[in-house]
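One letter stands for each residue in the lines below.
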Amino acid sequence: MAESEIHGPALFRGLLLAQGITTVVVAALAAGIGSRDAALSVLAGGGIAIIAAAWAGFQLWLHPGNRNPERMATAATRAEMGRVAIVLVLLWLTLSRWPEVRQGAPAMMLFAGFFLVQLAGWIWLAKATGSTQTNTKQNG
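None of these values were measured; they are calculated from a predicted model.

1. Digging into the confidence of the model for the protein chain
Item 1. When pLDDT is averaged across the protein chain, the result is 87; 89% of the residues are at 70 or more.
Item 2. Within the model, the stretch residues 135–140 combines pLDDT values under 50 with 0 contacts to residues more than four positions away or in other chains.

Below, the structure is given as C-alpha cells:
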C-alpha cells in the first residue's frame, strides 16, 4: 500500500465531502444557467447519491462489527445492496411525489446531478485509495 492511502473514517468523511461539494457546485451552475427547478432537481439527485453513499460508507468503514475480516465480504454485499435499494426507493419517492421533475429539464438535471455526484465520489475514492497509481520501474 502506498503511504498516501486513506483508510476508515477518513474515507467516509472525504467521500461525503467530495460528493457534497460537487452537489452544491453543480446545483449553483444549474441555477445560473437554468431554472430554480433545475437547481432543485440537481440537489435532489445529489442528495440521493450522498444518502446512498453514506449508508454504504457506514457499512464498510464505520460499523464496528464489520471490522472483523470474516465479515468484510458480507459487509460489502450489504453495503452495495443497501445502496442500490436506497437509490431506487428515493428515486421512486422523488418521481412519484414531485410531478415537475418527471419531464423536461428538471428530469434531466435530477439524473445528471445523481450521476455527476456518483462520478465525483468514485474519482475521489480512486485517488484516496491509490488505485489510480501505477507501478513503474525507472531505468538506471
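2. Some details on the side chain of Thr23
Item 1. Here Thr23 shows up in helix α1 (residues 9–33).
Item 2. In this structure Thr23 comes out as buried when scored by relative accessible area, which is 5%.
Item 3. Here Gln19 takes part through its backbone oxygen, which lies 2.9 Å from a polar atom of the side chain of Thr23.
Item 4. Among all residues touching Thr23, those that are not within four sequence positions of it are Val42, Leu43, Gly46, Ile50 and Val117.

3. Details of the layout of surface pockets
Item 1. Put simply, the largest pocket is a space of about 220 Å³.
Item 2. Those elements giving two or more residues to the lining of the largest pocket turn out to be α1, α2 (36–62), α3 (72–97) and α4 (104–128).
Item 3. No other element matches the 5 residues that α2 contributes to the lining of the largest pocket.
Item 4. In this structure, the second largest pocket occupies an estimated 170 Å³ of space.
Item 5. The wall of the second largest pocket is formed by Leu60, Trp61, Asn66, Arg67, Met72, Ala75 and Ala76.

4. Comments concerning the packing of α1 against α2
Item 1. Contact geometry for α1 and α2: axes closest at 9 Å, N-to-C directions at 175°. As summarised for this structure, α1 and α2 are arranged roughly antiparallel, according to the angle between their axes.

About the thresholds
Residues numbered from 1 in each chain as written. Predicted model: local features only at pLDDT ≥ 70, side-chain atom pairs only at ≥ 80, totals over all residues. Heavy atoms only, no water. pLDDT = per-residue confidence, 0-100. Contact = heavy atoms within 4.5 Å. Helix = DSSP H or I, 4+ residues; strand = E, 2+ residues; numbered from the N terminus. Buried < 20%, exposed > 50% of the residue type's maximum accessible area, 1.4 Å probe, protein only. Polar contact = N/O pair within 3.5 Å; in protein donor to acceptor, adjacent residues only side chain to side chain. 1 Å grid on protein atoms, 1.4 Å probe; cavity = no way out; pocket = protein on both sides within 12 Å on 5 of 7 lines; lining within 4 Å. Points joined across faces, edges and corners; volume = space filled by probe spheres on them. Axes fitted to C-alpha atoms, helices over the stretch in contact; angles between N-to-C directions. Parallel < 35°, antiparallel > 145°, perpendicular 65-115°, else oblique.

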